[in-house]
Every structure is written in C-alpha cells, then in structure tokens.
Amino acid sequence: KQWYQRRVREDYFKQINLSLHNAMFYLLFAAQLLVPPAESCPRFCTCPDKLSVDCRNSGLDAIPLDIPTGTKILYLSNNRLSEITESTLVRFLDLTELYLDNNKIQTVNEDAFLLNRHLRLLNLSSNLLSKLPPNVFTSNDALSQLDLRNNSGLQDLPYSVVGDHLSLQGL
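Cut-off values and rules
Residues numbered from 1 in each chain as written. Predicted model: local features only at pLDDT ≥ 70, side-chain atom pairs only at ≥ 80, totals over all residues. Heavy atoms only, no water. Disulfide = S-S within 2.5 Å. Helix = DSSP H or I, 4+ residues; strand = E, 2+ residues; numbered from the N terminus. Buried < 20%, exposed > 50% of the residue type's maximum accessible area, 1.4 Å probe, protein only. Pairing = 2+ DSSP bridges. Axes fitted to C-alpha atoms, helices over the stretch in contact; angles between N-to-C directions. Salt bridge = Lys/Arg side-chain N within 4 Å of Asp/Glu carboxyl O. Patch = residues over 30% accessible without salt bridge, like charges linked within 9 Å, V, L, I, M, F, W, Y side chains within 5 Å. Areas by Shrake-Rupley, 256 points an atom, 1.4 Å probe, with all protein chains shown as cover. Lys, Arg positive; Asp, Glu negative; His and termini not counted. Charge placed at Lys NZ, Arg CZ, Asp CG, Glu CD.

One pass over the full model with this rule turns up two disulfides. The residue that forms a disulfide with C45 is C55, at a sulfur-sulfur distance of 2.0 Å. With the S-S dihedral at roughly 105°, the linkage between C45 and C55 falls on the right-handed side. With C45 in the loop between helix 1 (2-34) and strand 1 (46-49) and C55 in the loop between strand 2 (52-54) and strand 3 (73-75), the pair connects residues that are ten residues apart, well separated along the chain. Take C45 and C55: they sit in the same class, and that class is buried. Counting its disulfide-bonded cysteines in sequence order, the chain shows a connectivity of 1-3, 2-4.

What follows is the structure, encoded as structure tokens:
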C-alpha cells in the first residue's frame with residue numbers, strides 16, 4: 001500500500017511538472033508573438049553588423065525600403081541611383097556615413113539630407129551631378145567629409161551649398 005501511494009504521488013508530481021513545462025513553453029511562445037520582428041537585411045544587400053548595410057554592386061534603381069531604420073553606415077556605391085529626394089533618406093535619422101559614389105545621380109533635392117543631422121561622411125563622387133542646390137547641407141552640422149570628385153558637370157561649388165560648415169575637413 002505504501003508503495004502504491006508513493007507511486008501515485010510521483011505520477012501526480014510528474015503531471016504537475018509536465019503541465020508547468022507546457023505552460024512555460026506556451027508562455028514563451030506567446031511572448032515571442034508580442035515582440036516586434038527584428039529588422040532584417042534587405043535582399044541583394046549584406047549586413048556585416050547591426051549598424052551597417054552594404055548594398056554595393058546590386059543594380060539598384062532605388063534605395064530598398066526594407067533597410068533597417070537604425071542603420072548608421074550605408075553603402076550604395078556602384079548602383080543605378082539617379083536622384084536623391086526629400087523622401088529617399090528620411091527614415092535614416094542615425095545615419096553617419098553614406099556612400100553614393102559611382103551611381104547615375106543627376107539630381108539632389110535641396111531637402112535630401114535635411115533630417116540626417118548625424119551625417120559625418122557623404123560620398124557623391126563619380127556621378128552625373130552638374131549642380132547642387134543652395135543650402136543642401138544646411139542642417140548637416142556634423143558633416144566633416146564630402147566627396148564630390150569626378151562629377152564632370154560640377155564646375156563650381158557656390159558658397160551657399162557648403163555654407164558655414166566649420167567641421168568640414170575634406171572636400
């Protein structure tokens with residue numbers, strides 16, 4: 001009789017333990033559903049770390065919409081981008097380095113970099129730029145390196161384009 005009672009008690013505790021295990025599993029599963037999914041790396045790009053996205057040599061005509069918004073370094077070199085507008089970079093408030101070299105960029109709108117206040121390095125070399133709008137970098141106080149080489153149509157750079165960027169070290 002004592003053996004039977006002990007066996008019943010052991011079975012009871014096994015059932016409780018199994019129920020707790022199942023409850024924990026379902027609780028963890030439900031918690032995963034509540035957490036928003038991590039922003040993934042866009043198709044045709046690589047993401048060497050959480051802060052960098054590399055879309056070089058991808059044949060892009062436009063900047064992918066699924067680039068993580070927290071990206072700090074964005075490589076878009078050697079694509080077919082033709083225009084940088086107000087809405088092109090508005091999602092990337094933390095962007096510090098932007099590589100747009102070797103594209104087909106002909107137009108940069110005046111407000112293209114308006115919200116990219118942390119931008120320190122901008123490479124627009126080897127594009128088809130013939131002019132830049134006045135005050136295009138007005139809000140980019142952190143900008144210290146601007147590469148505009150090999151834009152054959154870009155002959156003059158008016159003072160109003162660069163303005164009073166005391167932190168600009170390389171042009």
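There's plenty left to go through after this.
Right, let's get into the sheet that holds strand 7 (residues 121-123). The strand order across the open sheet built from six strands is 1-2-3-5-7-8, with neighbouring strands paired in mixed fashion. Across the chains shown, the open sheet's two edge strands, defined by having one partner strand only, are strand 1 and strand 8 (145-147). For this sheet the average axis-to-axis angle between neighbouring strands, irrespective of direction, equals 10°. The pairing of strand 3 with strand 5 (residues 97-99) spans three bridges and is classified as parallel. Paired with L74 across the bridge in strand 5 is L98.

The next thing to look at is the pattern of salt bridges. Scanning the entire structure with this criterion turns up four salt bridges. Residue D54 pairs with R56 through a salt bridge whose shortest N-O separation is 2.6 Å. A relative accessible area of 37% means that R56 is categorised as partly exposed.

As a further point, take a negative patch on the surface. A surface patch of like charges, here negative, comprises E83, E86, E110 and D111. By secondary structure assignment, the location of E110 is in the loop between strand 6 (107-108) and strand 7. Residue class for E110 comes out partly exposed when judged on its relative accessible area of 39%.

Turning next to the pairing of strand 1. Bridge count between strand 1 and strand 2: two bridges; the pairing is antiparallel. Pairing of T46 across the sheet is with D54, part of strand 2. What sits between the antiparallel neighbours strand 1 and strand 2 is a turn of two residues.

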